[in-house]
Amino acid sequence: MILQALHRHYQHLLERDTEGVAALGYSQEKVSYAIVLDPAGTVVAVDDIRDTSGKKPRPRLLEVPQPVKRTAGIKPNVLWDKTSYVLGVSAASKRAAQEHAAFVALHESALAGTEDPGLLALLRFLRSWTPERFVPPMFTDEVLDTNLVFRLDGERRYLHQREAARQVRAALLAEASDDSERAPCLVTGALQPIACLHPSIKGVRGAQSAGASIVSFNLKASESYGKEQGGNAPVSQAAAFGYTTALNHLLRPGEHNHQRLLIGDTTVVFWAETAAGAPAPEAELLFDLLLDPPSGDAPPDEAQETQRVREVLEDVRRGRPLVGRDPGLAPDTRMFVLGLAPNASRLSVRFWQVDTLEVLTRRLAQHAEDLRLEPVPWRTAPGVRRLVLATVPHRDGAMPKMDDAFDNLVGELLRAILGGGRYPRSLLANTIMRIRADGHLSGLRVAICKAVLTREQRLGNPPRPAAARGSIHTSEEEIPVSLDTRSTQPGYLLGRLFALLEHIQRGALGTQVNATIRDRYYGAASATPASIFPVLLRNTQNHLAKLRKERTGLAVTLEQQLGAIVDGLPERFPRSLRIEDQGRFAIGYYHQTQAFYTKRAADDTDSEGTDA
């Protein structure tokens, strides 16, 4: 299914003459220099064709004959390669002489009988070249181990772009096909030559820089029925080239690529097609914005995108058709989403989701609704990246690092969001563990707790035998979006109580307090209330006594709130709270704390109005 969808996407890219998408037998590769030859094969110049638009020169992407897949053997490319093959010089390879000999032998054989002036110039160059000629000023150390192409002096096109060179390439491909086993292709169903090794896939974060494979067999234990390598999962050479070319195109680097998203060790690619198979760039751009919206502190030029995310989510929540906002957002547009992660020389598929734009936007809107808290702790709904970062350690003076995230969490979280299923249990556990460990109780972390519990409650208990392993759903009471003073859920009430005790402490001690009870006791209070709350309540009486002397009215109000919360609790504090109730504790604490802040802000506003 994945390979078929990618191969079909390649056909559509080819039909549209998409820039950077090569025809069969060619691919986009990084090339740094071009050797300019005269008709006699003499080197006239060595052109630096690197991209100099950035701070440092970078190799330029050129369409060249598709490179061979190298493991340990010596295999030259056609009409281009690195310096160890083309010139027999290298700072890294210890077998440059053998590699250069193989390059010469390949072209002597492939170009035999040619009458093309450019190809004849290349043959003359290879017959006369010796590595000792690699000296300045023509050849500098910067040229070593870079990829090289050839050009005939006076012409702009490279040798591999000449019609005669393309015919040579086609003949080599046909010769390779004749030597290959033929079998029904698993992608197209046609009887075709089977690819022994599939082209490399580049651009997946954490994978080998030389590329990795989705389909690969290199151990005898993985082979069956006497088949070797690609014969164990027969995919034709044309289909293998097609799906890998499409995937490499989706993984292309650059800030203008809105079809790729990097989160932790997971690289997500996606593309969209209308019902008629036409491209749908508007849907791709919208999906990119919804998955990874700009943060609240985004620069002004991204403010418009932030506002668009809000409006789209609101339209979906109210049931308004997206096509009314943009004709390119047809509800039956198909979205293909693939998550990949590195696994040594291979790639692991973290998730694969195919749905219509209408279904996926509805699920993303439901995800935003599950996260919703009041007061809202962000300017725009957080993307997946920010959610994952909320589960990693927050060290003083340092930004949270994506490298600290659990690898499997990213894939499981995206699968839950796009598929509409339960969030991974580890999401709630990791978030609560982080709150207890570093004391950073942000609105985003509380929103994660609320989202996990809300979705778990809405979807109900999982069917057995999963339910037999335990459920985090322990209460039928709805998870509140804002402060719920009527809630009787113990975890939520205890969180409110803890916030109130902290508020009383701040009111009595003011700026004199170095560390509040949250800094010292939050972890124990949220996990083992019976061991901490009796002590905190006794200390609170001292704080209330001070308030009665200094601010009598405030003391009376706080005592009334304290009595109302304590009256809703059981006679004895729970000895421990389950993971769900610890999540409710965090939500209760956040709601009550924000209620105090809101009241204080309102009081300050009233005071300013009176002074005026």
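Residues numbered from 1 in each chain as written. Predicted model: local features only at pLDDT ≥ 70, side-chain atom pairs only at ≥ 80, totals over all residues. Heavy atoms only, no water.

1. Section: the pattern of salt bridges
When the charged atoms of two side chains lie near each other, side chains of opposite charge can form a pair. Applying the stated criterion to the full structure yields 28 salt bridges. As a salt-bridge pair, aspartate 51 and arginine 58 come within 3.3 Å of each other at their nearest N and O atoms. Judged by its relative accessible area of 21%, aspartate 51 falls in the partly exposed class. Linking glutamate 502 and arginine 506 is a salt bridge whose minimum nitrogen-to-oxygen distance equals 3.6 Å. Of the two residues, glutamate 502 and arginine 506 are both situated in helix α14 (residues 490-509); the distance of four residues between them amounts to about one turn of the helix. In this structure arginine 506 comes out as partly exposed when scored by relative accessible area, which is 40%. (Salt bridge = Lys/Arg side-chain N within 4 Å of Asp/Glu carboxyl O. Buried < 20%, exposed > 50% of the residue type's maximum accessible area, 1.4 Å probe, protein only. Helix = DSSP H or I, 4+ residues; strand = E, 2+ residues; numbered from the N terminus.)

2. Quick notes on the side chain of aspartate 370
Along the chain, aspartate 370 falls in helix α9 (residues 357-371). Excluding its chain neighbours within four sequence positions, the residues that come into contact with aspartate 370 are Tyr423, Ala447, Lys450, Ala451, Thr454, Arg455 and Arg458. (Contact = heavy atoms within 4.5 Å.)

3. As for unusual backbone geometry
When glycine is set aside, most residues are seen to have a negative phi, and most peptide bonds are trans. With an omega of 0°, the peptide bond running from proline 136 to proline 137 counts as cis. Within the element layout of this structure, proline 137 appears in the loop between α4 (117-128) and β6 (147-152). Cis rather than trans, the peptide bond between glutamate 374 and proline 375 has omega equal to -5°. Relative to the assigned elements, proline 375 resides in the loop between α9 and α10 (384-389). Located in the positive-phi region is aspartate 17, a residue other than glycine, with phi close to 50°. For aspartate 17, the position within the fold is in the loop between α1 (2-15) and β1 (26-31). One non-glycine residue, leucine 79, lies in the positive phi region at around 70°.

4. Some points on the sheet that holds β6
Overall, mixed pairing links the four strands, which are arranged β3-β2-β6-β5 in an open sheet. The open sheet terminates on both sides in strands that have one partner only, identified here as β3 (43-48) and β5 (81-82). Running at roughly 125° to β6, α4 makes contact with β2 (33-37), β3 and β6 of the sheet. (Pairing = 2+ DSSP bridges. Axes fitted to C-alpha atoms, helices over the stretch in contact; angles between N-to-C directions.)

5. Describing the sheet that holds strand β11 (residues 334-343)
The strand order across the open sheet formed by four strands is β9-β10-β11-β12, and the pairing between neighbours is antiparallel. Each having just a single partner strand, β9 (260-263) and β12 (346-356) make up the two edges of the open sheet. Sheet twist, expressed as the average angle between the axes of neighbouring strands with direction ignored, equals 20°. The sheet contact formed by β9 and strand β10 (residues 266-273) spans four bridges and is antiparallel. Note on β10: the bridge partner recorded for leucine 262 is threonine 267. Running over the sheet, α1 touches β10, β11 and β12 and is turned about 55° from β10.

6. Remarks on helix α16 (residues 529-550)
End to end, α16 covers 30 Å across 22 residues, agreeing with the expected 32 Å (1.5 Å per residue, within 8%). For α16, the complete set of buried residues consists of Pro529, Ile532, Phe533, Leu536, Leu537, Thr540, His543, Leu544 and Leu547. Looking down the long axis of α16, one finds its buried residues gathered within 135° of arc, a one-sided arrangement. Of the residues in α16, the exposed ones pointing more than 90 degrees away from the buried face are Arg538, Asn542 and Lys549. (Expected span 1.5 Å × (residues − 1). Arc of directions from axis to C-beta.)

7. Concerning the state of the cysteines
Counted under the stated rule, the structure contains zero disulfides. You can see cysteine 185 has no disulfide; the closest cysteine sulfur is in cysteine 196, sitting 15 Å from it. Residue class for cysteine 185 comes out buried when judged on its relative accessible area of 4%. (Disulfide = S-S within 2.5 Å.)

8. Some points on helix α11 (residues 407-419)
Taking 1.5 Å of rise per residue, 13 residues should cover 18 Å, and α11 covers 19 Å from first to last C-alpha, within 8% of that figure. Considered for burial, the residues of α11 that qualify are Leu409, Val410, Gly411, Leu413, Leu414, Ala416, Ile417 and Leu418. Phi turns positive one or two residues past the end of α11, at glycine 420, with a value near 80°.

9. Things to note about the environment of valine 43
Tracing the backbone through its elements, the reader meets valine 43 in strand β3. We classify valine 43 as buried; its relative accessible area is 18%. Separated by 107 residues in the primary sequence, valine 43 and phenylalanine 150 have C-alpha atoms spaced 10.0 Å apart.

10. Digging into empty space enclosed by the protein
Across all of its chains, the model carries three cavities of 30 Å³ or more by this definition. A per-element tally of the lining of the largest cavity places α9 first, with three residues. Among the residues making up the lining of the largest cavity, the classes are represented as 11 nonpolar, two polar and no charged. (1 Å grid on protein atoms, 1.4 Å probe; cavity = no way out; pocket = protein on both sides within 12 Å on 5 of 7 lines; lining within 4 Å. Points joined across faces, edges and corners; volume = space filled by probe spheres on them. Nonpolar A, V, L, I, M, F, W, Y, C, P; charged D, E, K, R; others polar.)

11. Quick notes on the nonpolar core
Phe287, Phe498 and Phe533 are the most contacted members of the largest nonpolar core, which has 90 residues in total. Looking at which element gives the most residues to this core, the answer is α14, with 10 residues. Discounting residues that sit within four places of it in the chain, phenylalanine 533 has contacts with Leu494, Leu497, Phe498, Leu501, Ala525, Phe573 and Phe585. Counting residues in each nonpolar core, the second largest holds 30 residues, with Leu37, Phe103, Ala165 and Val168 among its members. (Core = buried A, V, L, I, M, F, W, Y, C linked by side-chain atoms within 4.5 Å.)

12. So, the packing of α9 against helix α13 (residues 443-459)
For any two helices packed against each other, one specifies the inter-axial angle together with the distance between the axes. One way to put it is that α9 packs onto α13 with a least axis distance of 7 Å and a crossing angle of 115°. In this structure, α9 uses Arg363, Gln366, His367, Glu369, Asp370 and Leu371 to contact α13, whose residues at the interface are Ala447, Ile448, Lys450, Ala451, Thr454, Arg455 and Arg458. Here the contact of α9 with α13 is built from residues that sort into four nonpolar, three polar and six charged.

Just distances and angles here, no functional claims.
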